[in-house]
Amino acid sequence: MTSPVYLSNTWYAAAFSAELSTTPLLRTLLGEPVALYRGASGRAAALHDRCPHRFAPLHKGEVFGDDLRCPYHGLRFDPQGACVHNPIGEGKIPKAACARSYPLLERDGIVWLWWGDQPADESKLRRWPEFDDSERYTCVEGYILVKGEYQLIADNLLDLSHAEFLHPYLATEGFNRRTQYSMEQQGNTVVARNWRPSEPISGLFAFAYGDDAPTHVDHLSLVKWEAPSTLRLEIGVTRPGQPPEAGPRSYQAHLITPETAHTSHYFWKWGRDFKLADQEFSTKLQASLQAAFETEDGPMIEAQSVHMGGQPQEALKPVLLPTDSASLRARRVLQQLIEQQVAS
Ligand code: FES
Ligand SMILES: [Fe+2]
């Protein structure tokens, strides 16, 4: 089987900051096994998990300072992958003793890995200022491994109509009939907009308002996709007729990184600007969102994948509904970017 071509010279989410420690973590990213660890200085590092000597798994090694020692014959590699210590014989370091290293950036509690041969470009990184501002926002986060191809997860998020059927307890009954859906492309960003004026309030937002909750609200969901598979969701409500910032809102990152051609890492992080100090609510919210992704979206995407039998979507000629326009556009933008990359 040929491996897919992924968009390169871009950032992919590799881990949450809290996952990295001096015990290396093995994670397969875009088909490559990567050892992720945090050195003694606090610096995060990512090395190809294959020692250049006899190909031992580096993640089974030990961290010394900021370096990682191979568990087999003890060569030590620094965060750039250079061998910095050879315990054998005279200790001479062979020129070729280099592990592949991947540039990382840690921002907003997320560890991003640069995938490509050009120098890592921080300006290409999407930021979430809300995740770094605990005075105004409270966050919860979670991760699942999905047995499905990464673009199916972006399709799922760009078309929130599925919530009425797959997550009815998170939605209001019959909301699809009341949704004014639109899609627009801004440069290489695709935005799906779901607008429901004077909508019955959902349980989550009624809780956000507390005793003073209105029965009806204007509900706006914006799903912003950026290549290759970075999604920002902004979901909020207001009393009818008020501007979007006048009511409770959530700001979400949904970050999808291919593990292999048919499996994906799905990192989600959910910031809110209401009930900031309510720990019990945070715990419940984390559990219910994680359960929705783990027991509803994840299995649905896996089942779709099984039925697609490894064939690309276009080959199967899916029947399309209006709410598919954003996911189709995102797929087209990604395809064009990959074609430009292959041609250059
Ligand atoms: S395999 Fe890593 S030092 Fe020998
Ligand atoms: Fe969902």
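This one's a predicted model, so the numbers in the text were calculated from it and none came from an experiment.

(A) Structural detail: the sheet that holds strand S8 (residues 83-85). The antiparallel open sheet is built from four strands, whose spatial order is S5-S6-S7-S8. Sheet topology places strand S5 (62-64) and S8 at the edges, where each strand pairs with a single neighbour. Across two bridges, strand S7 (residues 76-77) lies against S8 in antiparallel orientation. Bridge pairing in S8 places Arg 76 opposite His 85.

(B) Representation of the domain arrangement of the protein in the model. For the protein, the assigned domains read domain 1 (10-120) and domain 2 (129-343). Every contact between the two is made by 12 residues of domain 1 and, on the other side, 13 residues of domain 2. Every element with two or more residues in the side of domain 1 that touches domain 2 is listed here: strand S1 (10-16) and strand S2 (25-29). The leading source of residues in the side of domain 1 that touches domain 2 is S1, at five residues. Among the residues making up the side of domain 1 that touches domain 2, the classes are represented as seven nonpolar, four polar and one charged.

(C) Structural view of helix H1 (residues 150-158). Most of H1 sits out of view: nine of its nine residues are buried. Those residues of H1 that sit buried are Tyr 150, Gln 151, Leu 152, Ile 153, Ala 154, Asp 155, Asn 156, Leu 157 and Leu 158.

(D) How the structure looks around the nonpolar core. With 64 residues, the main nonpolar core has Ala 14 and Leu 113 as its most contacted residues. The two domains that each donate at least three residues to this core are domain 1 (10-120) and domain 2 (129-343). Once you skip the residues sitting within four places of it in the chain, Ala 14 turns out to touch Arg 27, Leu 29, Leu 36, Ala 46, Leu 104, Val 111, Trp 112, Leu 113 and Thr 257.

Cut-off values and rules
Residues numbered from 1 in each chain as written. Chains lettered and ligands numbered in written order. Predicted model: local features only at pLDDT ≥ 70, side-chain atom pairs only at ≥ 80, totals over all residues. Pairing = 2+ DSSP bridges. Helix = DSSP H or I, 4+ residues; strand = E, 2+ residues; numbered from the N terminus. Domains from an automatic or database assignment. Contact = placed C-beta atoms within 7 Å. Nonpolar A, V, L, I, M, F, W, Y, C, P; charged D, E, K, R; others polar. Buried ≥ 20, exposed ≤ 12 C-beta atoms within 10 Å, placed from the backbone. Core = buried A, V, L, I, M, F, W, Y, C linked by C-beta atoms within 7 Å.

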